[in-house]
Amino acid sequence: MAFNHLPAGVHDALRPLSVRPVTHSVSMAHDQIPRQAGIHPSPRAVLGRLSTGAGRGARITHTEHLPPRPGTHADWPSAIRPEVINAIRAAGIDRPWAHQARTAEHALRGDSVVVATGTASGKSLAYLAPVLSTLLDGSEQPNGRGTTALYLSPTKALAADQRRAVAGLTAPLGTGIRAAVYDGDTPVEEREWVRQYANYVLTNPDMLHRGILPGHPRWSSFLRALRYVVIDECHTYRGVFGSHVAQVLRRLRRVCARYGSSPVFLLASATASDPAVAASRLTGVPVVEITEDSSPRGEVVFALWEPPLTELHGEQGAPVRRTATAESADLLTDLAVQGVRTVTFVRSRRGAELIALIAQERLAEVDRSLPDRIAAYRGGYLPEERRALERALHSGELLGLAATTALELGMDIAGLDAVVVAGYPGTRASLWQQAGRAGRTGEGALAILVARDDPLDTYLVHHPDALFRQPVESTVLDPDNPYVLAPHLCAAAAELPLTEPDLELFGPATEELMPQLEQRKLLRRRATAWHWTRRERAADLTDIRGAGGSPVQVVEAATGRLLGTVDAAAAHTTVHEGAVHLHQGRSYLVRQLDLDDSVALVEEAAPPYSTTARDTTAISILETTTEIPWGDARLCFGSVEVTNQVVSFLRRKLITGEVLGESKLDLPPRTLRTRAVWWTVTDDQLEEARVHPQALGGALHAAEHASIGILPLFATCDRWDIGGVSVPLHPDTLLPTVFVYDGHPGGAGFAERAFHTAARWLAATREAIAACECEAGCPSCIQSPKCGNGNDPLDKKAAIRLLTTLLAGAPEQPSAAE
């Protein structure tokens, strides 16, 4: 029997939470704390007050104190125009930080450069100064448009924010800078003006892929003059999305070359490991890195906080911790009572709304004036609503926001005293990005990471060195993934016929793919070039943010209103018939899933239960790319085919998780060709580990679950991006085998990263299981929220012994397996 762990299943946003507040006593009287504007309470004192009360102090597993850091100034390069320097001074910045000046110097010299420094270190100004100066130079040329620049951000909201920042900075510069946003929200009547006259266009990779590149003849004057391409928040371009963006950028470089330009790439990133390597892989050009942060920083107090165990029991009778949502709502409440300006970051939109609601209800018990000073902030709000919330937070009118990552990426929200992170956000880079939102004015700041009931969160709050003594992750992407590359080759051929010299630009896998695209009659070779053969738009072959396949539209049956979409890969597990679907805080029941038309019909309902899909998974090895001996065990990496079928779903009580019943489903199996890492053990090793045959399935299954939960610590992925299968006797290996695979066609680079860090990854997995205080296994160690087998069987103690024996044979030389 195979025990599986399906990716892209029931997301955190679909895990129901009770909206009834738990009985809560605010830790101190609100009138004891001054809340005047401008007062920045000591982060140590704030944390001390939060830790008072019954059992509160025991929830803090570690406190890290980061000392203040002075700033180091420099002078702007002499090539920066004096008008630009004067405009920067008028904005209150007399001299740049040293890293800003170095970035500008490289940009003016024509070097592609990535500035990877901390939050609020002035990365935007580092690239804006040379860009604006160069655009002013170009505006004085007699050829009309002059020099142009393109700005790419991962979200429309961030591009709009940058547009406002540029407008404020360039107001004294006159008409030499004509900045404009060009995205899906840009009115049709404005688009032609942007194409003809704007010299600084702010957009996103999606619009570049679907709009600008396919219509490049209409952008010819802009592309001909393109000097700079700014890629903001470039650390977000990872996994499959990052791989798609990498190919979009290669298409951009190719079209620019057609018009005689070769733009310089200026990238801004949160602190990242090997940012130059990641930036070069993303852009395809050599990139210089600037990583020394010379901006000042106030003292940061960073606390790791673990919610207590409750009296509730979950699957297989496992103990359940209080949710990070409820605990974070408590902390936001207490911080508001102290007059501490706070943002609580939450992974889901519903979670943000829920934390704000609970905090408001509890604050009403203390002071009726306080609930209005707490709000939610998430994607889906109108721009004017977001701006109003930001202004209210700046002014002190708002004391707290519960926000999704819509507030993480580059938004300027200075003046915060504290940040609460409700659940590890998936990467150290994101954690520091969110924590850096506090103390942006140079004052001291408090950051608190509240652990979810999850193996990775539990591991981190008990192993602080994994957060504070390790570099942030490398950005993982794989532009050579054939499932990513193929549609972009078609799109490139539709833009300009592909020639032999073009193939090198798109990577080494291109040459092998071209005959396949010809056989599928997508491309046709004529003379020396390949041409797109279809009438439809080649850019529509792929959604650069999706996982392949047409997204399923979620439609309200009674009104025909489109509520949203679900990725094709997640549809079978999230919008099957009978599923509870959440959308913007409302619950819906799925009445019908039409796979032919990619439509799920739903009706609003409020069932007292959640739903969890059950599935069966089989995996076969297609090719073993690399194999390393670990004593008698083997560690392998290669290509696999995963066959998965959703066969039923469970209904569970909202609060307790108690199973109310199971319903059968009749859905077709789905196959996925992807990349995987796997390990095998021998009978002798099982005997050494004292893993008896009746315990083998539970030991492998538990090790699989925990390893998937820990992998995001070593690869920039979410546990929902990866899947796993454990088999006591696999037909291809003829041995007990555990697989962990990328949940995306062709792979996303996560399994490969796992292979190269296997010794550290599996050691951390074993330690996470062993350190958990539960007796037989729980969600904090070996249970998975998306297990297709109901977390049965699992054997915690046998898994520890098995991993101990496996790791004993790991190569001593890190280079052999890492």
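Residues numbered from 1 in each chain as written. Predicted model: local features only at pLDDT ≥ 70, side-chain atom pairs only at ≥ 80, totals over all residues. Heavy atoms only, no water.

Some details on the overall build of the chain
Step number 1: A tally of helices and strands in the chain yields 27 helices and 31 strands.
Step number 2: Classification of the 818 residues of the chain by burial places 60% in the buried group.
Step number 3: Roughly 31700 Å² of accessible area belongs to the chain as shown, and the carbon and sulfur atoms make up 50% of that amount. (Helix = DSSP H or I, 4+ residues; strand = E, 2+ residues; numbered from the N terminus. Buried < 20%, exposed > 50% of the residue type's maximum accessible area, 1.4 Å probe, protein only. Areas by Shrake-Rupley, 256 points an atom, 1.4 Å probe, with all protein chains shown as cover.)

A closer look at the pairing of strand 31 (residues 737-742)
Step number 1: With six of six residues buried, strand 31 lies mostly within the body of the structure.
Step number 2: Of the two faces of strand 31, the one carrying Thr737, Phe739 and Tyr741 and the one carrying Val738, Val740 and Asp742 are both buried.
Step number 3: In this sheet, strand 31 lies alongside strand 29 (residues 670-680) in antiparallel orientation, the contact comprising five bridges. Looking across to strand 31, one finds that threonine 680 is bridged to threonine 737.
Step number 4: Pairing of strand 30 (residues 722-727) with strand 31, which is carried by six bridges, proceeds in the antiparallel orientation. Bridging from a neighbouring strand, glycine 723 pairs with tyrosine 741 of strand 31. (Pairing = 2+ DSSP bridges.)

Let's talk about the nonpolar core
Step number 1: Formed by 89 residues in total, the largest nonpolar core has its most connected members in Leu401, Trp630, Trp679, Leu711 and Trp761.
Step number 2: Counting residues per element, this core draws most heavily on helix 23 (residues 693-710), at nine residues.
Step number 3: By size, the runner-up hydrophobic cluster in this structure holds 38 residues, among which are Val114, Leu208, Cys256 and Leu282. (Core = buried A, V, L, I, M, F, W, Y, C linked by side-chain atoms within 4.5 Å.)

Here we look at the sheet that holds strand 8 (residues 264-269)
Step number 1: Taking strand neighbours across the sheet as the criterion, the seven strands line up as 5-6-4-7-8-3-9 in an open arrangement whose pairing is parallel. Sheet topology places strand 5 (179-181) and strand 9 (288-290) at the edges, where each strand pairs with a single neighbour. Mean inter-strand twist for the sheet, computed between neighbouring axes without regard to direction, equals 15°.
Step number 2: Alignment of strand 4 (residues 148-152) against strand 6 (residues 200-203), held across four bridges, turns out to be parallel. Bridging across to strand 6, leucine 152 finds its partner in threonine 203.
Step number 3: Helix 4 (residues 98-109) rests against strand 3 (113-116), strand 7 (226-231), strand 8 and strand 9 of the sheet, and its axis sits at about 165° to strand 9. (Axes fitted to C-alpha atoms, helices over the stretch in contact; angles between N-to-C directions. Contact = heavy atoms within 4.5 Å.)

Observations concerning a negative patch on the surface
Step number 1: A surface patch of negative charge is lined by Asp632, Asp683, Asp684, Glu687 and Glu688.
Step number 2: Relative to the helices and strands, glutamate 687 resides in helix 22 (residues 683-688).
Step number 3: We classify glutamate 687 as exposed; its relative accessible area is 63%. (Patch = residues over 30% accessible without salt bridge, like charges linked within 9 Å, V, L, I, M, F, W, Y side chains within 5 Å. Salt bridge = Lys/Arg side-chain N within 4 Å of Asp/Glu carboxyl O. Lys, Arg positive; Asp, Glu negative; His and termini not counted. Charge placed at Lys NZ, Arg CZ, Asp CG, Glu CD.)

Remarks on the packing of aromatic side chains
Step number 1: Enumeration over the complete set of coordinates arrives at 10 aromatic pairs.
Step number 2: A ring pair is formed by tryptophan 193 and tyrosine 197, whose centres lie 6.1 Å apart and whose planes are at 45°; its orientation type is tilted. With tryptophan 193 and tyrosine 197 both in helix 7 (residues 188-197), this residue pair falls four residues apart, about one helical turn.
Step number 3: When the ring of tryptophan 678 is compared with that of phenylalanine 739, the centres are 5.6 Å apart and the planes differ by 35°; the resulting orientation is tilted. With a gap of 61 residues between them, tryptophan 678 in strand 29 and phenylalanine 739 in strand 31 connect regions that are remote in the sequence. Across the pair, exposure class does not vary: tryptophan 678 and phenylalanine 739 are buried alike.
Step number 4: These aromatic residues form a ring-pair network of at least three members: Tyr182, Trp219 and Phe222.
Step number 5: Cation over ring: arginine 191 sits above tyrosine 182, and NZ or CZ is 5.6 Å from the ring centre.
Step number 6: In this arrangement the basic side chain of arginine 258 is found over the ring face of tyrosine 259, its NZ or CZ atom lying 5.4 Å from the centre. (Phe/Tyr/Trp six-rings, centres within 6.5 Å; stacked < 30°, edge-to-face > 60°. Lys NZ or Arg CZ within 6 Å of the ring centre and 35° of its normal.)

Brief notes about the sheet that holds strand 19 (residues 523-526)
Where strands meet in a sheet, backbone hydrogen bonds hold them as pairs that are either parallel or antiparallel.
Step number 1: What the three strands build is an open sheet, ordered 18-20-19; its pairing is antiparallel. Lying at the two open borders of the sheet, with one neighbouring strand each, are strand 18 (498-499) and strand 19.
Step number 2: By the bridge criterion, two bridges tie strand 18 to strand 20 (residues 529-532) in an arrangement that is antiparallel. From the neighbouring strand, threonine 499 faces strand 20, where its bridge partner is alanine 529.

Some points on the environment of alanine 706
Step number 1: The residue alanine 706 is located in helix 23 in this model.
Step number 2: The spatial distance from the C-alpha of alanine 706 to the C-alpha of threonine 765 is 5.9 Å, given a sequence separation of 59 residues.
Step number 3: Those residues within four positions of alanine 706 in sequence are excluded, and the remaining contacts are Thr765, Ile769, Cys781 and Ile782.

Concerning the pattern of salt bridges
Step number 1: A full pass over the atoms with the stated rule returns 33 salt bridges.
Step number 2: The shortest N-O distance in the salt bridge between aspartate 293 and arginine 69 comes to 3.5 Å. A residue pair is termed long-range when its members are at least 10 positions apart, and aspartate 293 in the loop between strand 9 and strand 10 (300-305) and arginine 69 in the loop between strand 2 (60-66) and helix 3 (82-90) qualify at 224 residues.
Step number 3: Among the residues examined, arginine 69 registers a relative accessible area of 27% and is labelled partly exposed.

Here's the deal with the packing of helix 18 (residues 482-495) against helix 20 (residues 510-519)
Axes are the key here: two packed helices are described by the angle between their axes and the distance separating the axes.
Step number 1: Running from N to C, helix 18 and helix 20 point in directions that differ by 65°, and their axes come no closer than 10 Å. Taken together, the axis directions place helix 18 and helix 20 in an arrangement best described as roughly perpendicular. Crossing of helix 18 over helix 20 shows right-handed handedness. Between helix 18, through Pro482, Leu485, Ala486, Leu489 and Cys490, and helix 20, the contact on the second element is made entirely by Thr510, Leu513, Met514 and Leu517.
Step number 2: When its residues are assigned to classes, the contact of helix 18 with helix 20 shows eight nonpolar, one polar and no charged. (Parallel < 35°, antiparallel > 145°, perpendicular 65-115°, else oblique. Left-handed = near helix turned anticlockwise from the far one by under 90°. Nonpolar A, V, L, I, M, F, W, Y, C, P; charged D, E, K, R; others polar.)

Quick word on helix 6 (residues 156-170)
Step number 1: Its 15 residues place the ends of helix 6 21 Å apart at the C-alpha level, agreeing with the 21 Å of an ideal helix rising 1.5 Å per residue.
Step number 2: When helix 6 is considered as a whole, its buried residues turn out to be Ala157, Leu158, Ala159, Asp161, Gln162, Val166, Leu169 and Thr170. (Expected span 1.5 Å × (residues − 1).)

Structural notes on the pairing of strand 6
Step number 1: Neither face of strand 6 is open: one carries Tyr200 and Leu202, the other Val201 and Thr203, and all of them are buried.
Step number 2: Strand direction decides the pairing type here: strand 5 and strand 6, joined by three bridges, are parallel. Note on strand 6: the bridge partner recorded for alanine 180 is valine 201.
Step number 3: One crossover worth recording links strand 5 to the parallel strand 6 by way of helix 7, and it is right-handed. (Right-handed = clockwise from strand over helix to strand, strands pointing away.)

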